[in-house]
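# Report on the structure
Okay, here's what each chain looks like letter by letter:
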Amino acid sequence: MEKIKLFCVSLGCDKNLVDTEKMLGVAGGLGVSFTDDETEADAILINTCCFIGDAKEESVNTILEMARYKEEGKCRALIVAGCLAQRYKQEIIDEIPEVDAILGTTSYEEIGNVLTRLFGEEKEKKEEHISCFHDLKELPETAKKRVMTTGGHYAFLKIAEGCDKRCSYCIIPYLRGPYRSVPMEQLLAEARELAENGVRELILVAQETTLYGKDLYGEKTLPKLLHELAQIPGIYWIRIQYCYPEEITDELIQAIKTEEKVCHYLDIPIQHASDRILKRMGRRTHKAELKERIGALRREIPDIALRTTFICGFPGETEEDHEELMEFVDEMEFERVGVFTYSAEEDTPAYSYPDQIPEEVKERRADVMELQQEIAFEHCENMVGKVLDVMIEGKVADEPAYVGRTYMDAPNVDGLIFVNADEMLMSGDFVRVKVTGANEYDLIG
């Protein structure tokens, strides 16, 4: 295959980013080089998202923007992968003729074949799109080498693909297929390779991490996976994201509590606190059960940092439902919260619910974040005077200060700590930092 430069854009969630890194690994194995300048690229790859309306719009706009470089730059091939490609394959083919190849969510490892067909010695004549779509029940081979895009000191480890929950607002099961756990031996091999390449923090991700292993081993084996990962030399932190509250077992709580490398941090997508709305959403929990699990976590692990997300303006949500959510947030005092306004996604049950909420009402009900801002500031103030382990992420320009994260902070979604230090520090270093100040979401030390 001829020598080409590839420019890549990865949109959406960190699970998508793992797929992107694996596609880059396959491409690199073919001798493809990478560029961060789209005007210099021979091929452009976009891994898309369409989870909610804003993500869909960003993906479409990015494809259209990159399509310009087929006229204005060196680009000879535009490749679209991921969720938008899976969902709107025919629309992309019909409406964006600049796109040369489309890869579905379970066929990302076909990128090597696609590049060979586009740039190999036996290049195919450009007559129609190259389409690669595998059965959504398949689990792509995951042991391929990855090209790290996170700086190299932390990495996401995708432990499963797909979802069986089928919440009434969510399109993911239709795009990613049923829940399939990655075999533990593959995950451990991948984690060891990451550690050997300098990764010090593993962040476990899936549509739902708590169900890991149920399909393969007949029982939930996330606690066992944590114990095995904790044995890998070089790994300092293990962080767990996307834990469905009804699947958090006492065994999992004990694994988080007792394994020193596992961060006292848990990401629990709750979505609402009104039992009526939770039922309409197709969620499997009630408010009382949510309180019980949160209480159990905090009793067993008093310093645990809990992150959650809520949806405001779900069809049929009343002012009373919203007020109930506000009271729940006020009472639970989560360390980290994200809020989305409901996005009506076609092909989901909630899309056809008759009692849709006007956009301006959804936006007003996102005032949950104003309440959370007060709670977050209080949490930050309570950290002043404490000494914490901090992973350094980078340096503040023109100042003797660094940016880092504590165990309470996942990258790109949570807060930061700004560290004043006279000595030279490198990204990925762990240092002991005394917290000396706080603002709304960040610490100073």
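This is a predicted model, so every value here is computed, not measured.

## Digging into the overall build of the chain
Summing up its helical and strand segments, the chain has 16 helices and 20 strands in all. Relative to the globule expectation of 22 Å for 445 residues, the C-alpha radius of gyration of the chain, 22 Å, shows essentially globular dimensions. Overall, the chain is about 65 × 60 × 50 Å in size when its C-alpha atoms are taken along their principal axes. When the 445 residues of the chain are sorted by exposure, 57% land in the buried category. Carbon and sulfur atoms form 48% of the exposed surface of the chain, whose accessible area is close to 19100 Å².

## Quick look at the nonpolar core
Ranked by internal contacts, the top residues of the largest apolar core, which has 58 residues, are Ile 159, Leu 225, Leu 229 and Leu 266. It is helix α8 (residues 184–196) that provides the largest number of residues to this core, a total of six residues. In this structure Leu 229 touches Leu 157, Leu 188, Ala 191, Leu 202, Leu 204 and Ile 238, once residues within four positions along its chain are discounted. Formed by 24 residues, the second largest nonpolar core is a distinct cluster that contains Val 9, Leu 11, Ile 63 and Ile 102.

## A short note on the sheet that holds strand β13 (residues 305–312)
Strand order in the open sheet made by the six strands is β7-β10-β11-β12-β13-β14, with parallel pairing throughout. Each having just a single partner strand, β7 (154–158) and β14 (336–341) make up the two edges of the open sheet. When the angles between neighbouring strand axes are averaged without regard to direction, this sheet yields 20 degrees. By the bridge criterion, three bridges tie strand β12 (residues 262–267) to β13 in an arrangement that is parallel. From the neighbouring strand, Leu 266 faces β13, where its bridge partner is Leu 306. Each of β7 and β10 (201–205) touches helix α1 (residues 14–29); the most contacted strand, β7, lies at about 95 degrees to it. Lying over the sheet, helix α11 (residues 250–258) contacts β11 (237–240) and β12, oriented at roughly 140 degrees with respect to β12.

## Quick look at the sheet that holds strand β20 (residues 443–444)
Pairing is mixed across the open sheet formed by six strands, whose spatial order is β18-β15-β16-β17-β20-β19. Two strands close off the open sheet at either side, each with one partner strand: β18 (430–434) and β19 (437–438). Pairing between strand β16 (residues 401–405) and strand β17 (residues 417–420): four bridges, direction antiparallel. Each residue of the ladder has a partner; that of Ala 401, found in β17, is Asn 420.

## Details of helix α14 (residues 319–332)
The end-to-end C-alpha separation of α14 is 20 Å, in line with the 20 Å expected for 14 residues at 1.5 Å each. By the burial criterion, the buried members of α14 are Asp 321, His 322, Leu 325, Met 326, Phe 328, Val 329 and Met 332. Along the long axis of α14, the arc covered by the buried residues comes to 160 degrees, so they all point the same way. Those residues of α14 that are buried lie in contact with α12 (275–281), α13 (287–300), β13, α15 (359–365) and α16 (368–383). Just downstream of α14, Glu 333 is the residue with a positive phi angle, here 50 degrees.

## What to know about the side chain of Gln 271
If you trace the backbone, Gln 271 turns up in the loop between β12 and α12. Taking the relative accessible area as the measure of exposure, Gln 271 reaches 10% and is therefore buried. Within the structure, Gln 271 has its side chain in polar contact with the side chain of Tyr 169 (distance 3.5 Å). Dropping the residues within four chain positions of it, Gln 271 is found in contact with Tyr 169, Met 281, Arg 283, Thr 309, Phe 310 and Ile 311.

## Remarks on a negative patch on the surface
On the surface, a cluster of negative charge is contributed by Glu 320, Glu 323, Glu 327, Asp 330, Glu 333, Glu 370, Glu 374, Glu 378 and Glu 381. For the negative patch, the elements supplying multiple residues, two or more each, are α14 and α16. What makes Glu 381 partly exposed here is its relative accessible area of 44%.

Each value, and the rule that gives it
- Residues numbered from 1 in each chain as written.
- Predicted model: local features only at pLDDT ≥ 70, side-chain atom pairs only at ≥ 80, totals over all residues.
- Heavy atoms only, no water.
- Helix = DSSP H or I, 4+ residues; strand = E, 2+ residues; numbered from the N terminus.
- Rg over C-alpha atoms; globule rule 2.2 N^0.38 Å.
- Buried < 20%, exposed > 50% of the residue type's maximum accessible area, 1.4 Å probe, protein only.
- Areas by Shrake-Rupley, 256 points an atom, 1.4 Å probe, with all protein chains shown as cover.
- Core = buried A, V, L, I, M, F, W, Y, C linked by side-chain atoms within 4.5 Å.
- Contact = heavy atoms within 4.5 Å.
- Pairing = 2+ DSSP bridges.
- Axes fitted to C-alpha atoms, helices over the stretch in contact; angles between N-to-C directions.
- Expected span 1.5 Å × (residues − 1).
- Arc of directions from axis to C-beta.
- Polar contact = N/O pair within 3.5 Å; in protein donor to acceptor, adjacent residues only side chain to side chain.
- Patch = residues over 30% accessible without salt bridge, like charges linked within 9 Å, V, L, I, M, F, W, Y side chains within 5 Å.
- Salt bridge = Lys/Arg side-chain N within 4 Å of Asp/Glu carboxyl O.
- Lys, Arg positive; Asp, Glu negative; His and termini not counted.
- Charge placed at Lys NZ, Arg CZ, Asp CG, Glu CD.

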